[in-house]
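Results of the structural survey
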Protein chains: 2
Amino acid sequence: MFVILTYDVGEKRVNKVRKKLKKYLIWVQNSVFEGEITKGKLQQCLLELSRIINEKEDSIYIYEVNTPKFITKNIIGQEKSLDDMFL
Amino acid sequence: MFVILTYDVGEKRVNKVRKKLKKYLIWVQNSVFEGEITKGKLQQCLLELSRIINEKEDSIYIYEVNTPKFITKNIIGQEKSLDDMFL
């Protein structure tokens, strides 16, 4: 499936969250990861994230689309490529 | 159509961008708006945004899904409700 994952996480935890997400998805904008991922790997990823975040303060949204052809992405301004950034 | 719009915009312009987006979509996370919108209104919204942002620095991604049933949203942690926030 294709996943868009957006996060709003406290400063103390944001680097841990990004490092974890980089194992599974592609970092495409400051607060956005996306990519193809299996259901099983996504569940593993979310389990690991839930151990890092503070569920009372932090927020992670996961938008899942079964078939990428159902979703179109357009860009205004820069297409960011953060995935090579060292954390 | 259903739209997820994510942005990474310079601090000087971020409030203007949010105010503009609030006219068209729902503010659901710090850097994310979403909602049902017609093709025409979306084009108008993006035109207005393109006049605010610095295309060399800022980044706006627009993910469009024709039918909302193709997309599933899951949440870890808090579901933010920023739409009532006064800008």
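Structure's up top.
Notes on the structure follow. (Residues numbered from 1 in each chain as written. Chains lettered and ligands numbered in written order. Predicted model: local features only at pLDDT ≥ 70, side-chain atom pairs only at ≥ 80, totals over all residues. Heavy atoms only, no water.)

**So, the overall build of chain A**
Along the backbone of chain A there are 2 helices and 5 strands. Counting from the amino terminus, chain A carries its helices and strands in the arrangement β-α-β-β-α-β-β. Its C-alpha atoms give chain A a radius of gyration of 13 Å, near enough to 12 Å, the size a compact globule of 87 residues would have. Reported as C-alpha extents along the three principal axes, the dimensions of chain A are approximately 35 × 30 × 20 Å. Classification of the 87 residues of chain A by burial places 48% in the buried group. The contacts in chain A between residues at least 6 apart in sequence include a share of 73% that link residues at least 24 apart. Here chain A contributes 15 positively and 12 negatively charged side chains, and the mean placements of these two sets differ by 4 Å. (Helix = DSSP H or I, 4+ residues; strand = E, 2+ residues; numbered from the N terminus. Rg over C-alpha atoms; globule rule 2.2 N^0.38 Å. Buried < 20%, exposed > 50% of the residue type's maximum accessible area, 1.4 Å probe, protein only. Contact = heavy atoms within 4.5 Å. Lys, Arg positive; Asp, Glu negative; His and termini not counted. Charge placed at Lys NZ, Arg CZ, Asp CG, Glu CD.)

**Focus on the relation of the copies chain A and chain B**
Overlaying chain A with chain B gives an RMSD of 0.0 Å, the required rotation being 180 degrees about an axis along which the chain moves by 0.0 Å. Interpreted geometrically, this transformation is the action of a two-fold axis. With an isologous cut-off of 70% or more, the 100% of interface residues of chain A that recur at the interface of chain B puts this contact in the isologous class. (Least-squares fit on C-alpha atoms with pLDDT ≥ 70 in both.)

**Notes on the interface of chain A and chain B**
Contact with chain A, which involves 36 residues of that partner, is made by 36 residues of chain B. At the boundary of chain A with chain B, total buried surface from both sides reaches about 3,200 Å², with 55% on carbon and sulfur atoms. Inspection of the region where chain A meets chain B yields 2 salt bridges. A salt bridge links Asp8 of chain B to Lys80 of chain A; the nearest nitrogen and oxygen atoms lie 3.6 Å apart. Here chain A and chain B share 28 residue pairs in polar contact (both at pLDDT 80 or more) between them. Contributing elements (two or more residues each) for the side of chain A that touches chain B: strand 1 (2-8), strand 2 (26-29), strand 3 (32-36), helix 2 (39-52), strand 4 (59-65) and strand 5 (71-77) of chain A. When the residues that make up the side of chain A that touches chain B are grouped by side-chain class, the tally is 15 nonpolar, 11 polar and 10 charged. Sheet topology places strand 4 of chain A next to strand 5 (residues 71-77) of chain B; 7 bridges connect them, and they run antiparallel. Counted as the bridge partner of Ser59 of chain A is Gly77 of chain B from strand 5 of chain B. (Buried area = accessible area lost by both parts, 1.4 Å probe. Salt bridge = Lys/Arg side-chain N within 4 Å of Asp/Glu carboxyl O. Polar contact = N/O pair within 3.5 Å; in protein donor to acceptor, adjacent residues only side chain to side chain. Nonpolar A, V, L, I, M, F, W, Y, C, P; charged D, E, K, R; others polar. Pairing = 2+ DSSP bridges.)

**With respect to helix 1 (residues 11-22) of chain A**
All names here are of chain A. Spanning 12 residues, helix 1 covers 17 Å between terminal C-alpha atoms, matching the ideal 16 Å at 1.5 Å per step. Of the residues making up helix 1, those classed as buried are Arg13, Val14, Val17, Arg18 and Leu21. Viewed end-on, helix 1 has its buried residues packed into an arc of 145 degrees, placing them on one side of the element. Along helix 1, the residues that are exposed and aim more than 90 degrees away from the buried face are Lys12 and Lys16. If you follow the buried residues of helix 1, they end up packed against strand 1, strand 2, strand 3 and helix 2. (Expected span 1.5 Å × (residues − 1). Arc of directions from axis to C-beta.)

**Looking at helix 2 (residues 39-52) of chain B**
In a regular helix each residue adds 1.5 Å, so 14 residues correspond to 20 Å; helix 2 of chain B covers 20 Å between its end C-alpha atoms and thus fits that length. Inspection of helix 2 of chain B places Leu42, Cys45, Leu46, Glu48, Leu49 and Ile52 of chain B among the buried residues, and these make up the whole buried set. The buried residues of helix 2 of chain B occupy an angular sector of 160 degrees when projected down its axis, which confines them to one face. Across from the buried face of helix 2 of chain B, at angles greater than 90 degrees, the exposed residues are Gln43 and Arg51 of chain B. Where helix 2 of chain B is buried, its residues touch strand 5 of chain A together with strand 1 (2-8), helix 1 (11-22) and strand 4 (59-65) of chain B.

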